[in-house]
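Spelled out, the chains give:
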Amino acid sequence: MLADTSQQLDESLPDVDAEGPDILRPWANEFAAISAAGIAIRTGGALLAQVSCGYVIEAAASLRRVIEARLNVSALQADPTGDYGLRFLEGHPSKLATLTKQHGSRQEIAALSQLNHADSSTLELFWDPNLERQRGAVTYGKFHVYPQVVEEQALSLLYVASKEFVDIAQGICEVFGAELEVIPWVRQELRRLDDLVEQG
């Protein structure tokens, strides 16, 4: 859905031979929104490949990038002047901490960022889920190095990713002054995932 939406919106953009910010400014947010969506689409493909191959924990790094793309789209929505769009296109967007403070959840980003580090807190996610251990204690045990899909982990990650993709699609439509109609089967699938998360 996000890819299709991005393609349709991209076709509405003019051919701009931008030699300076003043020429690009009227369309800066739109070009930046399409760029952020493109990052999310490519990263989303990588995320799906990682999950399908049994690398669910590693896919959290991809999800973090998708969320960052959504936060940048939110920043574009909040700044109709085009200033943030120009900054984004010039390679100077706001830092993740700033974006999170203004448009997101610190707890969510903190949890995903933790998975980017090669330390024992990440290692625990590979341990046998039936292994009993005390909080803060050093525990000796075996962990898996081979790909494996833990259904609950995969479901949680894909649930968040699907919501992010819809939010990005809605966000870039708002930047373009367009309206997004979420097709029925997407709404039904998101509703189904909501129910599964509530049950689990």
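The notes below deal with the structure included here.

The rules behind these values
- Residues numbered from 1 in each chain as written.
- Predicted model: local features only at pLDDT ≥ 70, side-chain atom pairs only at ≥ 80, totals over all residues.
- Heavy atoms only, no water.
- Helix = DSSP H or I, 4+ residues; strand = E, 2+ residues; numbered from the N terminus.
- Contact = heavy atoms within 4.5 Å.
- Areas by Shrake-Rupley, 256 points an atom, 1.4 Å probe, with all protein chains shown as cover.
- Core = buried A, V, L, I, M, F, W, Y, C linked by side-chain atoms within 4.5 Å.
- Buried < 20%, exposed > 50% of the residue type's maximum accessible area, 1.4 Å probe, protein only.
- Axes fitted to C-alpha atoms, helices over the stretch in contact; angles between N-to-C directions.
- Parallel < 35°, antiparallel > 145°, perpendicular 65-115°, else oblique.
- Left-handed = near helix turned anticlockwise from the far one by under 90°.
- Nonpolar A, V, L, I, M, F, W, Y, C, P; charged D, E, K, R; others polar.
- Patch = residues over 30% accessible without salt bridge, like charges linked within 9 Å, V, L, I, M, F, W, Y side chains within 5 Å.
- Salt bridge = Lys/Arg side-chain N within 4 Å of Asp/Glu carboxyl O.
- Polar contact = N/O pair within 3.5 Å; in protein donor to acceptor, adjacent residues only side chain to side chain.

### Some words on the overall build of the protein
Here comes step 1: Within the protein, the secondary structure is distributed over 10 helices and 0 strands.
Here comes step 2: The N-to-C order of helical and strand elements in the protein reads α-α-α-α-α-α-α-α-α-α.
Here comes step 3: A sequence separation of at least 24 residues applies to 71% of the contacts in the protein between residues at least 6 apart.
Here comes step 4: For the protein, the accessible surface area stands at approximately 12500 Å², while carbon and sulfur atoms represent 51% of it.

### A look at the side chain of S162
Here comes step 1: Summarising the element assignment, S162 is placed in helix α9 (residues 151–175).
Here comes step 2: Dropping the residues within four chain positions of it, S162 is found in contact with L190 and L193.

### Quick notes on the nonpolar core
Here comes step 1: Grouped together as the largest cluster of nonpolar side chains are 36 residues, with contacts concentrated most on L2, L47, V51, L157, I168 and I172.
Here comes step 2: Secondary-structure elements contributing two or more residues to this core are α1 (2–10), α3 (28–52), α4 (59–78), α5 (83–89), α6 (96–103) and α9.
Here comes step 3: Ranked by residues supplied to this core, first place goes to α4 with 10 residues.
Here comes step 4: If sequence neighbours within four positions are ignored, L47 has contacts with A59, S62, L63, L157, L158 and A161.

### So, the side chain of T43
Here comes step 1: Looking at the secondary structure, you find T43 in helix α3.
Here comes step 2: Taking relative accessible area as the criterion, T43 reaches 6% and is therefore assigned buried.
Here comes step 3: When near neighbours in sequence (up to four residues on either side) are disregarded, T43 contacts S62, R65 and V66.

### Describing the packing of α3 against α4
Here comes step 1: Remark: α3 packs on α4, axes separated minimally by 9 Å, with the N-to-C direction vectors making an angle of 165 degrees. The pairing of α3 with α4 is recorded here as roughly antiparallel in orientation. Along this stretch, α3 crosses α4, giving a crossing that reads as left-handed. Packed against α3, whose contacting residues are N29, A32, A33, A36, I39, A40, T43, G44, A46, L47, Q50 and V51, the element α4 presents A59, S62, L63, R65, V66, A69, V73 and L76 at the interface.
Here comes step 2: Split into classes, the residues belonging to the contact of α3 with α4 amount to 14 nonpolar, 5 polar and 1 charged.

### Describing a nonpolar patch on the surface
Here comes step 1: Taken together, F143, V145 and Y146 make up a surface patch of nonpolar side chains, about 370 Å² in accessible area.
Here comes step 2: You can see V145 is positioned in the loop between α8 (120–123) and α9.
Here comes step 3: Residue classification places V145 among the exposed positions, given a relative accessible area of 59%.

### So, the pattern of salt bridges
Here comes step 1: Taken as a whole, this structure holds 2 salt bridges when the rule is applied.
Here comes step 2: Its salt-bridge partner being R25, residue D83 comes within 2.4 Å of it at the nearest N-O pair. Of this pair, D83 sits in helix α5 while R25 sits in the loop between α2 (21–24) and α3, and the two are 58 residues apart along the sequence.
Here comes step 3: Accessibility expressed as a relative area gives 38% for D83, which makes it partly exposed.

### Regarding the packing of α3 against α9
Here comes step 1: Interaxial distance between α3 and α9 falls to 10 Å at its minimum, and their mutual angle equals 165 degrees. Of the possible angle classes, the one that applies to α3 and α9 is roughly antiparallel. Once α3 is placed against α9, the crossing between them reads as left-handed. Side by side, α3 and α9 meet where N29, E30, A33, A37, A40, G44, L47, L48 and V51 of the first sit next to A154, L157, L158, A161, F165, I168, I172 and V175 of the second.
Here comes step 2: Split into classes, the residues belonging to the contact of α3 with α9 amount to 14 nonpolar, 2 polar and 1 charged.

### Points about the environment of D79
Here comes step 1: Position of D79 among the secondary structure elements: in the loop between α4 and α5.
Here comes step 2: On the accessibility criterion, D79 (18% relative accessible area) is buried.
Here comes step 3: Between the C-alpha atoms of D79 and V175, which are 96 residues apart in sequence, the distance is 9.5 Å.
Here comes step 4: Apart from the residues within four sequence positions on either side, D79 is in contact with N29 and Y84.
Here comes step 5: In terms of polar contacts, D79 uses its side chain to reach the backbone amide nitrogen of Y84, at 2.8 Å.

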